[in-house]
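Residue strings, one per chain:
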Amino acid sequence: MATTYDYPSDLIAAQQALTQVRADLTALYKRLPYSVEPMEGWQRPEGYWLTPSRAYPDSPGWSEQEQKEVAALRERERDLTAAIVTHAFWNDVAGPDRLDARSQLKHALEREDGEGQEAA
């Protein structure tokens, strides 16, 4: 039987916030131009790196506001990651078990019935 962990609510909240920030950042990247700086369009030659060739349109670059939004989300992502990795909870988990415990934390919110939230 797999070990389950009793994660503190602040650790779960940090993981939930990190998941949301990463989703927000991914969505933002998808709607932004491919180049941060303005850039002329170009075409990848046939047979180069991947086939077939692909054309890229001119990129207007990111606006100052878009750059600030990306920077804020990345900073929030770093802060949340640091809070999770350095949380005191991990001091109570044996070294070899930390990888499994970290993996379970990432999926703790997916459990609808709360199973896996109790200590083994």
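Quick caveat, the model's predicted, so the values are computed rather than measured.

What counts, and where the lines are drawn
- Residues numbered from 1 in each chain as written.
- Predicted model: local features only at pLDDT ≥ 70, side-chain atom pairs only at ≥ 80, totals over all residues.
- Heavy atoms only, no water.
- Axes fitted to C-alpha atoms, helices over the stretch in contact; angles between N-to-C directions.
- Helix = DSSP H or I, 4+ residues; strand = E, 2+ residues; numbered from the N terminus.
- Parallel < 35°, antiparallel > 145°, perpendicular 65-115°, else oblique.
- Left-handed = near helix turned anticlockwise from the far one by under 90°.
- Contact = heavy atoms within 4.5 Å.
- Nonpolar A, V, L, I, M, F, W, Y, C, P; charged D, E, K, R; others polar.
- Core = buried A, V, L, I, M, F, W, Y, C linked by side-chain atoms within 4.5 Å.
- Buried < 20%, exposed > 50% of the residue type's maximum accessible area, 1.4 Å probe, protein only.
- Expected span 1.5 Å × (residues − 1).
- Polar contact = N/O pair within 3.5 Å; in protein donor to acceptor, adjacent residues only side chain to side chain.

Student: It is not clear to me how the packing of helix 1 (residues 9-31) against helix 3 (residues 98-107) should be interpreted in this structure. Could you clarify?
Tutor: Pairs of packed helices are described in terms of their axes, by the angle between the two and the distance that separates them. Where helix 1 meets helix 3, the closest approach of the two axes is 9 Å, and the angle between their N-to-C directions is 65 degrees. Judged by the angle between their axes, helix 1 and helix 3 are roughly perpendicular. The handedness of the crossing between helix 1 and helix 3 comes out as right-handed. In this structure, helix 1 uses Leu 11, Ile 12, Gln 15 and Leu 18 to contact helix 3, whose residues at the interface are Arg 102, Leu 105 and Lys 106. In terms of residue class, the contact of helix 1 with helix 3 is made up of four nonpolar, one polar and two charged.

Student: Help me out: how do you make sense of the nonpolar core in this one?
Tutor: Tyr 7, Leu 11, Phe 89, Trp 90 and Leu 105 are the most contacted members of the largest nonpolar core, which totals 21 residues. Secondary-structure elements contributing two or more residues to this core are helix 1, helix 2 (64-85) and helix 3. No other element matches helix 1, which puts seven residues into this core.

Student: Please explain helix 1 as it appears in this structure.
Tutor: Residue pairs three or four apart in sequence face the same way in an α-helix, which turns once every 3.6 residues. When the terminal C-alpha atoms of helix 1 are compared, their 33 Å separation across 23 residues agrees well with the 33 Å that a helix rising 1.5 Å per residue should span. By the burial criterion, the buried members of helix 1 are Leu 11, Ile 12, Ala 14, Gln 15, Leu 18, Val 21, Leu 25 and Leu 28. Of the surrounding secondary structure, the elements contacted by the buried residues of helix 1 are helix 2 and helix 3.

Student: Which parts of the structure should I look at to understand the environment of Glu 64?
Tutor: Note on placement: Glu 64 falls in helix 2. For the pair formed by Glu 64 and Val 36, sequence separation is 28 residues and the distance between their alpha carbons is 9.9 Å.

Student: What exactly am I supposed to notice about the packing of helix 1 against helix 2 here?
Tutor: For the pair helix 1 and helix 2, interaxial distance at closest approach is 9 Å and the crossing angle is 155 degrees. Comparing the axis directions of helix 1 and helix 2 gives the class roughly antiparallel. Of the two elements, helix 1 crosses helix 2, and the hand of that crossing is left-handed. For the pair formed by helix 1 and helix 2, the contact residues are Leu 11, Ala 14, Gln 15, Ala 17, Leu 18, Val 21, Arg 22, Asp 24, Leu 25, Leu 28, Tyr 29 and Arg 31 on the first element and Glu 69, Val 70, Leu 73, Arg 74, Arg 76, Glu 77, Leu 80, Thr 81 and Ile 84 on the second. Residues of the contact of helix 1 with helix 2, tallied by class, amount to 12 nonpolar, two polar and seven charged.

Student: How should the side chain of Gln 15 be read in this particular structure?
Tutor: Looking at the element boundaries, Gln 15 is found in helix 1. The exposure class of Gln 15 is buried, given its relative accessible area of 4%. Looking at Gln 15, its side chain comes within polar contact range of the side chain of Arg 102, at 2.6 Å.

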